Amino acid sequence: MNTSGLSLDQGPNISVPFRFFFTAPIFFLLFALALFFITDDTLLSRFDAQTVGLVHLFTLGVLSMIMIGALFQMLPVLMGVTVGGNKNLVTAIFIIFIIGIVSFSIGLFLQVKSTLLVGTVALFIAFFLFLLHISKDVFLADRRGKSVLLMQFSIAWLWIVLFLGLYLSLVRIGIIDTVFYEQLANVHIVIALFGWTFALIIGVSFTVVPMFYVTPEYTPGCRKTMPYILFTTIVSFIVTNFFFPNLNFISELIASQAVVMYAYQTIKRLKKRRRPIADVTVSYWKSAIFFLLISLLFWWLGYIKELFYTLSFVSFAFGFLGSLLQGMLYKIIPFLVWFHLSATGNFNIPNIKEVIDEEDMWVQFWLYQIFVFLFLISFQITTIKIIAASILVISSLSLLKNFLLGWGVYKSFRS
Amino acid sequence: MMGQDISIYLTEDHRHCDMLLAQAEELVVDKKFDSAVKAISEYIDAMMNHLNREEDILFPIFEERTGSTSGPTEVMRMEHEQIRALILQLTDAIKANDERKFFGLSETLMIYIQQHNSKEEQMLYMMADQHLADISAQLVAKMKDI
């Protein structure tokens, strides 16, 4: 057996994932503040520059920020891939990434092409460095781990998302021209959502759901077929999107299969978990799966009324991905604080439940759930948008405060 | 299954220990502290036996065959020490009927053990299956005696 690259190490320095995790609530906050300024009509137009800027503030600033931080932490444990050891490189990626997200969003929001160009280049460099740093080891990793294939799949699609994103952005700036802007943008969105994000979430779920909640494993059938279902979804979408737009329902049917299979398997596992304790993270998982199924329902309702496509995206991005990632962080952050403190040899340290106050997490959980519901309703009753944005401001600050209190526990025991 | 005796046996042992800890947690949820103390004691016996099976039987022969005492087995031994320390604290909490402390520690222990198990099952046991294939049946028989 080739064991090169296999690592039983403890993962990277705590500051590596934490800098990404702690930045996500700040972008959540910026997204909430931006919501105050965007008009209701603009929000419904997905190709409007302001909408694209707003969406990327969330998908890059919150979702990708958390996912990259999590990858730095999880790749060593789940795949034996040693990453994150070069602190200078991680810092460079982190800083360039932030510059990229801020410039890109401001450039789109205020429609300043030079700022958009700076953002585009910075984002490209940040993702390129990140992908270059991890790809070789990720693709050479031993494939027997439960999450490995989907993680490889996700990284492979991220390369394509990156180059498509660069191309689309250069078109928007006016440096290059294309007649296929809308089709390419659709492909960029589908690959980003299903190839990069959903695949990674599912792959990580295969390991962390049984690990965190002591549940039965996801069935081998689900684990083995999921990468192929997602692959077929994306490829069939690309083909129909360019050549047979009327047949887009084929890829939608295949995607629905992936969604239903994952939702069913996850809910079944959470119900069968051997540990009776229900904490806030279990509720976050359940609400994530609820919104995932709602997003599927909305998607098909889109055939009746177009507004439902927007609602489907909101349910998927904020309800499903947003909930799930926050829930995961409430498990990972306390564990890493304890883990790194215990590694010092001091056993007189707070346990996982003593790192972030449970009540505070519940308050933040409900704030976020209310935000998602109100945000969905706001597309019908527009006056509610301001209330939704206000609640997200409080939720984001609460999330940040909870994380910082956890960090404070770590620092107080380290000093 | 031929060639996977060690990984199958020790993975099943992991699941058995997890089940016992989950049962103890359930008893504490139901506030049946006397039964919980008994269940925890059963869990500790099972867990200590598991750690001893690895440290006394598997690791020495694995280190001999691979010629490495500072590789994966060393990391696993260190993690075993942390598991033992957490189990001690857990026992104190249950004896003191301190439900909050107990759940904090059981959560910590459970997650720590799961990631520890994941490393063993996905890396160490697979390496053991390969390096110790010719004596795996005897090793499993020996481990069962503990």
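Residues numbered from 1 in each chain as written. Chains lettered and ligands numbered in written order. Predicted model: local features only at pLDDT ≥ 70, side-chain atom pairs only at ≥ 80, totals over all residues. Heavy atoms only, no water.

## Brief notes about the overall build of chain B
(1) Moving on: Looking only at helices and strands, chain B has five helices and zero strands in total.
(2) Moving on: Each helix and strand of chain B, placed in order from N terminus to C terminus, yields the pattern α-α-α-α-α.
(3) Moving on: A compact globule built from 146 residues should have a C-alpha radius of gyration of about 15 Å, and chain B, at 16 Å, falls within 12% of that.
(4) Moving on: Within chain B, buried positions represent 58% of all 146 residues.
(5) Moving on: For chain B, restricting intrachain contacts to residue pairs at least 6 apart in sequence, the fraction spanning at least 24 positions comes to 79%.
(6) Moving on: Looking at chain B as shown, the accessible area adds up to about 6300 Å², and 52% of this sits on carbon and sulfur atoms.
(7) Moving on: Looking at charge distribution, chain B has the averaged site of its 14 positive side-chain charges lying 3 Å from that of its 27 negative ones. (Helix = DSSP H or I, 4+ residues; strand = E, 2+ residues; numbered from the N terminus. Rg over C-alpha atoms; globule rule 2.2 N^0.38 Å. Buried < 20%, exposed > 50% of the residue type's maximum accessible area, 1.4 Å probe, protein only. Contact = heavy atoms within 4.5 Å. Areas by Shrake-Rupley, 256 points an atom, 1.4 Å probe, with all protein chains shown as cover. Lys, Arg positive; Asp, Glu negative; His and termini not counted. Charge placed at Lys NZ, Arg CZ, Asp CG, Glu CD.)

## Observations concerning the packing of helix H11 (residues 307-342) of chain A against helix H4 (residues 99-131) of chain B
The relative placement of two packed helices is expressed as an angle between their axes plus a distance between the axes.
(1) Moving on: It is at 11 Å that the axes of H11(A) and H4(B) come closest, and there the two elements cross at 85°. Here H4(B) runs roughly perpendicular to H11(A), going by the angle between their axes. Contacts between H11(A) and H4(B) involve A:Lys331, A:Phe335, A:Trp338 and A:Phe339 from the first element and B:Glu107, B:Thr108, B:Ile111, B:Tyr112 and B:Gln115 from the second.
(2) Moving on: Within the contact of H11(A) with H4(B), the residues separate by chemical class into five nonpolar, two polar and two charged. (Axes fitted to C-alpha atoms, helices over the stretch in contact; angles between N-to-C directions. Parallel < 35°, antiparallel > 145°, perpendicular 65-115°, else oblique. Nonpolar A, V, L, I, M, F, W, Y, C, P; charged D, E, K, R; others polar.)

## Some remarks on the packing of aromatic side chains
Between two aromatic rings, the relevant description is the distance of the centres plus the angle of the planes.
Residues and elements named next belong to chain A.
(1) Moving on: Within the structure shown, the criterion is met by 57 aromatic pairs over all chains.
(2) Moving on: Pairing phenylalanine 18 with tryptophan 407 gives two aromatic rings, centres 5.8 Å apart and planes at 65°, and the pair type is edge-to-face. One end of the pair, phenylalanine 18, is in helix H1 (residues 15-37); the other, tryptophan 407, is in helix H13 (residues 384-414), and 389 residues separate them in sequence.
(3) Moving on: Between phenylalanine 318 and phenylalanine 375, the ring centres sit 5.4 Å apart and the planes meet at 85°, which makes this aromatic pair edge-to-face. Of this pair, phenylalanine 318 sits in helix H11 while phenylalanine 375 sits in helix H12 (residues 358-378), and the two are 57 residues apart along the sequence. Each member of the pair phenylalanine 318 and phenylalanine 375 is classed as buried.
(4) Moving on: Each member of the aromatic cluster is reached from another via a ring pair, and the members are Phe18, Phe21, Phe22, Tyr284, Tyr330, Trp362, Phe365, Trp366, Phe403, Trp407 and Tyr410. (Phe/Tyr/Trp six-rings, centres within 6.5 Å; stacked < 30°, edge-to-face > 60°.)

## Quick notes on the packing of helix H6 (residues 148-173) of chain A against helix H7 (residues 181-213) of chain A
All names here are of chain A.
(1) Moving on: For the pair H6 and H7, interaxial distance at closest approach is 8 Å and the crossing angle is 155°. One way to sum up the angle between H6 and H7 is to call them roughly antiparallel. Along this stretch, H6 crosses H7, giving a crossing that reads as left-handed.
(2) Moving on: Its residues assigned to classes, the contact of H6 with H7 shows 23 nonpolar, five polar and one charged. (Left-handed = near helix turned anticlockwise from the far one by under 90°.)

## Let's talk about the pattern of salt bridges
(1) Moving on: Throughout the structure, instances matching the rule amount to 15 salt bridges over all chains.
(2) Moving on: Between A:Lys353 and A:Asp279 there is a salt bridge; the shortest N-O distance is 3.6 Å. In this pair, A:Lys353 is assigned in the loop between H11 and H12 and A:Asp279 in the loop between helix H9 (248-271) and helix H10 (280-301), connecting sequence segments 74 residues apart.
(3) Moving on: When its relative accessible area of 21% is taken as the criterion, A:Lys353 is described as partly exposed.
(4) Moving on: Of the residues examined, A:Asp279 reaches a relative accessible area of 5% and is grouped as buried.
(5) Moving on: A single network of salt bridges, built from pairs that share partners, joins A:Asp279, A:Lys331, A:Lys353, A:Glu358 and B:Glu107. (Salt bridge = Lys/Arg side-chain N within 4 Å of Asp/Glu carboxyl O.)

## Looking at the confidence of the model for chain A
(1) Moving on: Here chain A averages 91 in pLDDT, while 97% of its residues score no lower than 70.
(2) Moving on: Below pLDDT 50 for its whole length, residues 1-8 of chain A participates in 21 contacts with residues either more than four positions away or in separate chains. (pLDDT = per-residue confidence, 0-100.)

## Observations concerning empty space enclosed by the protein
(1) Moving on: Inspection of the entire model under this criterion finds six cavities of 30 Å³ or more.
(2) Moving on: Split by residue class, the lining of the largest cavity holds 13 nonpolar, four polar and two charged. (1 Å grid on protein atoms, 1.4 Å probe; cavity = no way out; pocket = protein on both sides within 12 Å on 5 of 7 lines; lining within 4 Å. Points joined across faces, edges and corners; volume = space filled by probe spheres on them.)

## A few points about the interface of chain A and chain B
(1) Moving on: Taken together, the contact between chain A and chain B spans 35 residues of the former and 36 residues of the latter.
(2) Moving on: When residues of the side of chain A that touches chain B are traced back to their parent elements, those giving at least two are helix H3 (49-79), H7 and H11 of chain A.
(3) Moving on: Split by residue class, the side of chain A that touches chain B holds 18 nonpolar, seven polar and ten charged.

## Considering unusual backbone geometry
Residue and element names in this part refer to chain B.
(1) Moving on: The backbone phi angle of lysine 31 is positive, close to 60°, even though this residue is not glycine.
(2) Moving on: Tracing the chain through its elements places lysine 31 in the loop between helix H1 (5-29) and helix H2 (33-66).
(3) Moving on: With a phi angle near 55°, asparagine 97 is a residue other than glycine that sits in the positive phi range.
(4) Moving on: Here asparagine 97 is to be found in the loop between helix H3 (72-95) and H4.

## Description of the nonpolar core
(1) Moving on: In terms of nonpolar packing, the biggest core is built from 189 residues, with A:Phe198, A:Tyr262 and A:Phe371 touching the most fellow members.
(2) Moving on: Among the nonpolar cores identified, the runner-up in size contains 19 residues, and B:Phe62, B:Leu124, B:Val140 and B:Met143 belong to it. (Core = buried A, V, L, I, M, F, W, Y, C linked by side-chain atoms within 4.5 Å.)

## Concerning the environment of A:Gln265
All names here are of chain A.
(1) Moving on: In this structure, glutamine 265 sits in helix H9.
(2) Moving on: Taking the relative accessible area as the measure of exposure, glutamine 265 reaches 9% and is therefore buried.
(3) Moving on: Residues in contact with glutamine 265, not counting those within four places in the same chain, are Tyr218, Thr219 and Cys222.
(4) Moving on: Looking at glutamine 265, its side chain comes within polar contact range of the side chain of threonine 219, at 3.0 Å. (Polar contact = N/O pair within 3.5 Å; in protein donor to acceptor, adjacent residues only side chain to side chain.)

## Section: the side chain of B:Ser118
(1) Moving on: The topology assignment puts B:Ser118 in helix H4.
(2) Moving on: Residues in contact with B:Ser118, not counting those within four places in the same chain, are A:Met211 and B:Met123.

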